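Inside the fold
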Amino acid sequence: MAENTTIDLRELPDPPVTRRTRRQPGADQKKIAKIVQQLACLEDIARNPPSHVTTLALLPTDIALSWSKQQMSILQRALEAVAPTLVHLDLKGDDGRSCNMAFGDCSITTSVGKYCKCLKMLNARECMWSEEGLTALSHTATELETLHLGGIAVSLKAPLPKYGLRSLANLRHLTELTLDSTDIDDEGLSAIVQGGCGPTLTHLDLTCSKHLTEDGIEAVANACPKLANINLLNATAVGPSAVKALGAHCPKLTTINLQRVRGTASGVQALCHGCPNITTLLLSVCQLLDEDLIAVCTQLPQLATLDLNAVKGPGYKAFEGLGSIKTLQHLELNGLKLVEDQFHAVCASIAQGCSRLQYLGLNNSSATASCVAVIHDALPNCTVSTIHCKL
């Protein structure tokens, strides 16, 4: 059996700066030197393909800057040379936070879709795709388990084709799926989870999915019983019935991001009741009821991270209940505005009850020096951030 080969160009050592890397005045010469080194490696792969390459990872796109047509041709030839045995392919090279497009056209991703038949992990964030490429991927790489697509930059310049995304329903082994800032709609998402990966899916990232409503999320809830992590950040058209459906049908949820989702009021109560294993709950800029926050404080015995930035609705008595979350380690209350004695009461409750707290965000809030002192006296190892507070 052939020995597996890993080619991780992210781990290239820093090369010496040469005359060739000084061609662009003002550019970061070390970055350019790494690009030159990466291209040399890719050229060597294209000419003399190593046997049985199972992993290929490129430099992050913030280091790769932009790919010229000549450079993409080199990459395409290298990819096609090792494609038949690739199991893990990282075209983005980072954790997805960079907003740089990886390539200027769809040629690279189309080659991936056509030739990478053994893929189990593909990170193609900020990569352009044609409908042909996505359709080919869904029929070629049928063993895919992890797939990351989309991103802010590509959504602005070249949105992923809607009908190409629907073809992902053919991928029946996905456990992790990212469709960040895409034009996926309810019908397309329903097709993917109901006809394909619903029974196996554990992680789903739908950040900035502006065309999704509660219908699409309810389809996810009904089709994905193993779902443990869902990101709905800025999925602003999602309604309250979707949050309730997640609580009713996804008991294994541990991490949920509902930041800027309009349908959280009253839905959070059902979520807390049905998903007691939640450890991370992000509710920034959400409208909540007192009963929602009380449910968060009393029904999530493993909650470690809670984001309540700029939350509207609950009164200070509901916020006082935060002190009952004994497991809390990270708490965001940025933007919380209360009268001084009420804010002090909330901080006193947190200081008394949250003995494991390591970070408390009070930026742009009504926090006073006495509030911070209460926290520091009880929790000397807790970092308290008070930017734009009148201390």
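Everything here concerns the structure above.
I will try to describe carefully the structure that is included in this document. (Residues numbered from 1 in each chain as written. Predicted model: local features only at pLDDT ≥ 70, side-chain atom pairs only at ≥ 80, totals over all residues. Heavy atoms only, no water.)

With respect to the environment of Pro-49
With respect to the element layout, Pro-49 can be found in the loop between α1 (29-47) and β2 (53-57). Sequence separation between Pro-49 and Asp-186 is 137 residues, and the spatial gap between their C-alpha atoms is 43 Å. Aside from chain neighbours lying at most four places away, what touches Pro-49 is Asp-44 and Ala-81. (Helix = DSSP H or I, 4+ residues; strand = E, 2+ residues; numbered from the N terminus. Contact = heavy atoms within 4.5 Å.)

Here we look at the pairing of strand β6 (residues 176-180)
Burial runs high along β6: four of the five residues are buried. In the sheet, strand β5 (residues 146-150) pairs with β6 via five bridges, with the strands oriented parallel. Following the sheet pairing, Leu-149 is matched in β6 by Leu-179. Of the strand pairs in this sheet, β6 and strand β7 (residues 203-205) are connected by three bridges, and their pairing is parallel. Across the sheet, residue Thr-178 finds its bridge partner in β7, namely Asp-205. Remark: the β6/helix α8 (residues 186-197)/β7 crossover connection has right-handed handedness. (Buried < 20%, exposed > 50% of the residue type's maximum accessible area, 1.4 Å probe, protein only. Pairing = 2+ DSSP bridges. Right-handed = clockwise from strand over helix to strand, strands pointing away.)

Some points on the pairing of β2
Counting buried positions over the five residues of β2 gives five, a clear majority of the element. One ladder, built from three bridges, connects β2 with strand β3 (residues 88-90); its direction is parallel. Among the inter-strand pairings, Ala-57 is bridged to a residue of β3, identified as Asp-90.

Considerations on unusual backbone geometry
The phi dihedral of Asn-234 falls on the positive side, at around 65°, and the residue is not glycine. As for its placement among the helices and strands, Asn-234 is situated in the loop between β8 (229-231) and α10 (240-249). Here Asn-234 falls in the partly exposed class, since its relative accessible area comes to 25%. In this model, Arg-260 sits at a positive phi of 70°, which is unusual for a non-glycine residue. Along the chain, Arg-260 turns up in the loop between β9 (255-257) and α11 (267-274). Relative accessible area serves as the criterion here: at 44%, Arg-260 is assigned to the partly exposed category.

Comments concerning the packing of α8 against helix α9 (residues 214-223)
The geometry of α8 relative to α9 is characterised by a closest axis approach of 8 Å and an angle of 5° between their N-to-C directions. Regarding the angle of α8 to α9, the classification is roughly parallel. Touching Asp-186, Leu-189, Ser-190, Val-193 and Gln-194 of α8 are Asp-215, Gly-216, Ile-217, Ala-219, Val-220 and Ala-223, all from α9. The class makeup of the residues in the contact of α8 with α9 is six nonpolar, three polar and two charged. (Axes fitted to C-alpha atoms, helices over the stretch in contact; angles between N-to-C directions. Parallel < 35°, antiparallel > 145°, perpendicular 65-115°, else oblique. Nonpolar A, V, L, I, M, F, W, Y, C, P; charged D, E, K, R; others polar.)

Things to note about the packing of α9 against α10
Look at α9 against α10: their axes get within 8 Å of each other, and the N-to-C directions meet at 0°. With respect to each other, α9 and α10 are oriented roughly parallel. For the pair formed by α9 and α10, the contact residues are Glu-214, Ile-217, Glu-218, Ala-221 and Asn-222 on the first element and Ser-241, Ala-242, Ala-245, Leu-246 and His-249 on the second.

As for the nonpolar core
By size, the foremost hydrophobic cluster in this structure holds 121 residues, and its most contacted members are Leu-91, Leu-122, Leu-246 and Leu-322. The dominant element in this core, judged by the number of residues it contributes, is helix α3 (residues 69-82), at six residues. (Core = buried A, V, L, I, M, F, W, Y, C linked by side-chain atoms within 4.5 Å.)

Structural notes on the pattern of salt bridges
Considering all chains together, one arrives at nine salt bridges under this definition. In this structure, Glu-214 engages Arg-262 in a salt bridge whose closest nitrogen and oxygen atoms are separated by 3.9 Å. Residue Glu-214 is found in helix α9, and its partner Arg-262 is found in the loop between β9 and α11; the two are separated by 48 residues along the sequence. Of the charged contacts, one joins Glu-320 and Lys-317 as a salt bridge, the two residues approaching to 3.4 Å between their closest N and O atoms. Taken as a pair, Glu-320 and Lys-317 lie in helix α13 (residues 316-320) at a separation of three residues, close to a single helical turn. Residue class for Glu-320 comes out partly exposed when judged on its relative accessible area of 21%. (Salt bridge = Lys/Arg side-chain N within 4 Å of Asp/Glu carboxyl O.)

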